[in-house]
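Architecture and fold: a report
Here is what each chain is made of, one letter per residue.
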Amino acid sequence: MSTQRNIADRLHQSAQAWPFQKAVVFPAGKDKQGRYAYSSMTFQQLDQESDRLARGLIQLGVQPGTRMALMVRPSLEFIALTFALFKAGAVIILIDPGMGGKNIIRCLSEVEPEGFVAIPLAQLIRKLKRRSFPEARLNVTVGKPVLTSGIDYQWLLGGDWEPLEMVQRTATDPAAIIFTSGSTGPPKGVAYEHGMFWSQVDLLRDYYQIQPGEVDLPGFPLFALFNSAMGVTTVVPDMNPTKPAQVNPEKIIRQINDQGVTQAFGSPAMWNRIGRYCEQHQIQLPSLKRVLSAGAPVPVHVIERMRKTFVNSETDINTPYGATESLPVASICGREVLEETSAQTASGAGTCVGTPFPGVQVKIIEIHNEPIASIEQARELAPGEIGEIIVQGPMATREYFQRPEATQLAKIPDGARFWHRMGDVGYRDAAGKLWFCGRKAHMVHGANGPMFTVCCEAIFNQHPHIYRSALVGVGAAGAQKPVIIVEPEQGDFPESQSARDQLTQELLALGQANPLTESIETILFHHSLPVDIRHNVKIFREKLAPWAEKQIR
Ligand SMILES: Nc1ncnc2c1ncn2[C@@H]1O[C@H](COP(=O)(O)OP(=O)(O)OP(=O)(O)O)[C@@H](O)[C@H]1O
């Protein structure tokens, strides 16, 4: 018999090892004093609740491999349902609700869900759009009122708990379809296998030395899955997970202190807000052992501010590098960034994303826009040379769901194994550290050769009045005119023409002082650069290029 690799077995193991430790804590409301009132489940309760739900799902008709869309807000129920679906052997379809109605419907219909476990609004939309979901017949409504079917959370729970033999899954059995954030084209459904989740959990736990009994506040809901698999308590943050840039710092700080949170994951946009608030109000966060941030380069000012909130000298902010298709790849801590790499970043070296995780291979190959049929056909570059970042390891996903063309473009066969092309450009330095220079699709192809976004933008971000900037190319590839679009810090937007001219001159002078950016002659101002829906930090340079073109005309 093959080894049990159902990721839900890791929850079961947690329940056996730490039955009475809290698995999930949810801010259910406020008491009369305005304090948070929390509801919670222990590991044993979560394990048993998901057993009951899994039995209900099986009774409903869910079979091994059944594709089920899960559209429930982060909550006790969300986590219990996630494990229940895994226990029943279902393949969970997860999608960012912030993506907007049309995109959601398009993405979901592409993966042909056989059922929806979803809030009433999502069930209503599914009914209205039933032609887009011809296969969806196993539907469960979570939350009141039950608008659509009689099958709800309570129905799934059924009677009392009885032990459940969860569905046997091997490492390569499908577990989930998770969509990319869609920052370079339409979101793609990434096919996850049970073994991939299993290795993600181990890679993260071992590298960051996460201990059972720790308390995590995950700004990205899926992290609750990893937590339950390693005996870590999840505190559901009181925030809209689709708008981390609008997080209310006061609420998060309160929850961190209420629960003695030791670890928190969030997009750089979330920590930017929380760090600024802590600085203004001179707040420190003594319970934290580790902060994690990913999704895009984490600005140095965010690292600096967050580090000032730490009390324990061992605490740091770590920035894992990875993607929906392959996470984690590499990591660097804040101290190392400040002491060793940030000066080079400021002069155009890119963002250092650290050393690869043990067991994860990283190579830099010559940049191509076509599929690469085998690893022998890729030319590996020497340290210091910028190329495409490709990775191999147990966490790398094998394919996009039913998208052979996208899969062909993103994977390079290597005997029985394969490499995943990150779609990013970067290089290894002499010490083996990986540097990120931007997305391949965002490179600007000017007359003097390629320009890399992250390297060039950092030079302008040095200006104290600039919050962030975007490099875009206007015109045909090979003769693109590089344009820098800057978003000034709040309150620093140059309203008058003279203020604008002044700031423009200062920025041009910064650019001209560096060979990487000396060809840039155009600076544009933007109040708020468009960003992705998941992390609110990936700048939509594709949208900005046509905008820049209009401005220049
Ligand atoms: N620590 C980090 N530092 C710099 N960039 C990062 C870091 N972590 C992630 N990224 C960026 O985010 C990308 C992964 O993003 P994600 O998987 O959310 O979707 P996406 O690849 O942007 O979506 P799509 O493929 O639909 O455009 C990486 O390829 C990289 O460009």
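Scoring rules and cut-offs
- Once a new chain begins, its residue numbering starts again from 1 and follows that chain's sequence as written.
- Note on the predicted model: pLDDT of at least 70 is required for a residue's local features to be given, and 80 or more for side-chain atom pairs to be given and counted; whole-chain, interface and lining totals, by contrast, use all residues.
- Excluding hydrogens and water, the side-chain figures rest on all heavy atoms present in the structure.
- Only one rule defines a salt bridge in this text: a Lys or Arg side-chain nitrogen within 4 Å of an Asp or Glu carboxyl oxygen.
- The numbering of helices and of strands both runs from the N terminus, where a helix is a DSSP run of H or I of at least 4 residues and a strand a run of E of at least 2.
- Under the scheme applied here, a residue whose accessible area is under 20% of the maximum for its type counts as buried, over 50% as exposed, and between as partly exposed, the area being computed with a 1.4 Å probe on protein chains only.
- Here, two residues are considered to be in contact whenever any of their heavy atoms come within 4.5 Å of each other.
- Any pair of nitrogen or oxygen atoms within 3.5 Å is treated as a polar contact; in protein, a donor-acceptor pairing is required on top of that, and neighbouring residues in sequence qualify only through side-chain atoms on both sides.
- Proximity criterion: a residue is near a molecule or strand once any of its heavy atoms comes within 4 Å of it.
- For cavity detection a 1 Å grid was placed over the protein atoms alone, and a set of points counts as a cavity when a 1.4 Å probe fits there but cannot get out; an open set counts as a pocket when protein lies on both sides within 12 Å along at least five of seven lines, with lining residues being those that have an atom within 4 Å of a point.
- Grid points are joined across faces, edges and corners, and a volume is the space filled by probe spheres set on the points.
- Only Asp, Glu, Lys and Arg are considered charged, only Ala, Val, Leu, Ile, Met, Phe, Trp, Tyr, Cys and Pro nonpolar, and every remaining residue, Gly among them, polar.
- UniProt positions are given in the numbering used here, feature names are shortened, and annotations may be inferred rather than shown by experiment.
- Pairing between strands is defined by DSSP: at least two bridges between them are needed.
- Aromatic rings from Phe, Tyr and Trp, taking only the six-membered ring of Trp, are treated as a pair when their centres fall within 6.5 Å; an angle between ring planes under 30 degrees marks them as stacked, one over 60 as edge-to-face, and anything in between as tilted.
- Here, over-ring charges are defined by two tests on the NZ atom of lysine or the CZ atom of arginine: distance to the ring centre within 6 Å, and angle to the ring normal within 35 degrees.

**As for the pattern of salt bridges**
- Under the definition given, this model contains 29 salt bridges.
- The partner of Asp 96 in a salt bridge is Arg 534, with the nearest N and O atoms 2.9 Å apart. Here Asp 96, found in the loop between strand E4 (91–94) and helix H4 (101–110), pairs with Arg 534, found in the loop between strand E26 (522–525) and helix H16 (541–552); they are 438 residues apart in sequence, far enough to count as distant.
- Using a relative accessible area of 9% as the deciding quantity, one classes Arg 534 as buried.
- Between Arg 421 and Glu 388 there is a salt bridge, with the nearest N and O atoms lying 2.9 Å from each other. Taken together, the positions of Arg 421 in strand E20 (residues 417–428) and Glu 388 in strand E18 (residues 387–392) put the pair 33 residues apart, joining distant regions of the chain. Each member of the pair, Arg 421 as well as Glu 388, is classed as buried.
- One salt-bridge network, in which partners are shared between bridges, spans Arg 10, Asp 202, Arg 205 and Asp 206.

**Focus: the environment of Asn 536**
- By the secondary structure assignment, Asn 536 is in the loop between E26 and H16.
- A relative accessible area of 11% places Asn 536 in the buried class.
- When the C-alpha positions of Asn 536 and Pro 244 are compared, they lie 6.6 Å apart, and in sequence the two are 292 residues distant.
- Ignoring any residue separated from it by four or fewer positions in sequence, one finds Asn 536 in contact with Thr 242, Lys 243, Pro 244, Ala 245, Ala 269, Arg 468 and Val 531.
- In terms of polar contacts, Asn 536 uses its side chain to reach the backbone amide nitrogen of Ala 245, at 2.9 Å.
- Within the structure, the side chain of Asn 536 is placed 3.0 Å from the backbone oxygen of Asp 532, a separation counted as a polar contact.

**Some remarks on the site of the ligand**
- Close to the ligand lie 23 residues, the nearest being Thr 180, Ser 183, Thr 184, Thr 324 and Lys 538.
- In this structure, Lys 188 approaches the ligand through a side-chain N or O atom, which is 3.4 Å from an oxygen atom.
- For the shell around the ligand, the secondary-structure elements that each account for two or more residues are strand E14 (321–323), E20 and strand E21 (434–439).
- Here the shell around the ligand gets 3 residues from one element, more than from any other, and that element is E14.

**A few points about the layout of surface pockets**
- Roughly 880 Å³ of internal volume is contained in the second largest pocket.
- Lining the second largest pocket are 39 residues, with Met 71, Ile 95, Asp 96, Pro 97 and Gly 98 sitting closest to its centre.
- Mapped onto the lining of the second largest pocket, the elements with two or more residues apiece are strand E1 (22–30), strand E3 (67–71), H4, helix H5 (120–128) and strand E7 (174–179).
- Partitioned by chemical class, the residues of the lining of the second largest pocket number 29 nonpolar, 5 polar and 5 charged.

**Re the UniProt feature "transmembrane region" (unreviewed entry) in the protein**
- UniProt's feature table lists "transmembrane region" (unreviewed entry) at residues 76–95, given in the numbering used throughout.
- Along residues 76–95 one finds 60% helix and 20% strand; the C-alpha atoms at either end are 18 Å apart.

**What to know about the pairing of strand E2 (residues 36–42)**
- As judged from the 7 bridges shared by E1 and E2, these two strands associate in the antiparallel manner. The residue bridging Pro 27 from the neighbouring strand is Tyr 38, located in E2.
- The antiparallel hairpin formed by E1 and E2 contains 5 residues in its connecting segment, where Gly 34 sits at a positive phi of about 85°.

**Some points on the packing of aromatic side chains**
- Summed over all chains, the structure comprises 12 aromatic pairs.
- Taking 5.6 Å as the distance between ring centres and 40° as the angle between the ring planes, the aromatic pair formed by Tyr 36 and Tyr 38 counts as tilted.
- Tyr 36 sits in the buried class, given a relative accessible area of 9%.
- Geometrically, the ring pair formed by Phe 116 and Phe 133 is edge-to-face, given 5.1 Å between the ring centres and 70° between the ring planes. One end of the pair, Phe 116, is in strand E5 (residues 115–118); the other, Phe 133, is in the loop between H5 and strand E6 (140–141), with 17 residues separating them in the sequence. With respect to burial, Phe 116 and Phe 133 carry one shared label: buried.
- Among the aromatic residues, ring-to-ring pairing joins Phe 86, Tyr 192 and Phe 197 into one connected group.
- Lying across the ring of Trp 198, Arg 10 places its NZ or CZ 4.9 Å from the centre.
- Across from the ring centre of Tyr 400, 5.5 Å away, lies the NZ or CZ of Lys 411, which sits over that ring.

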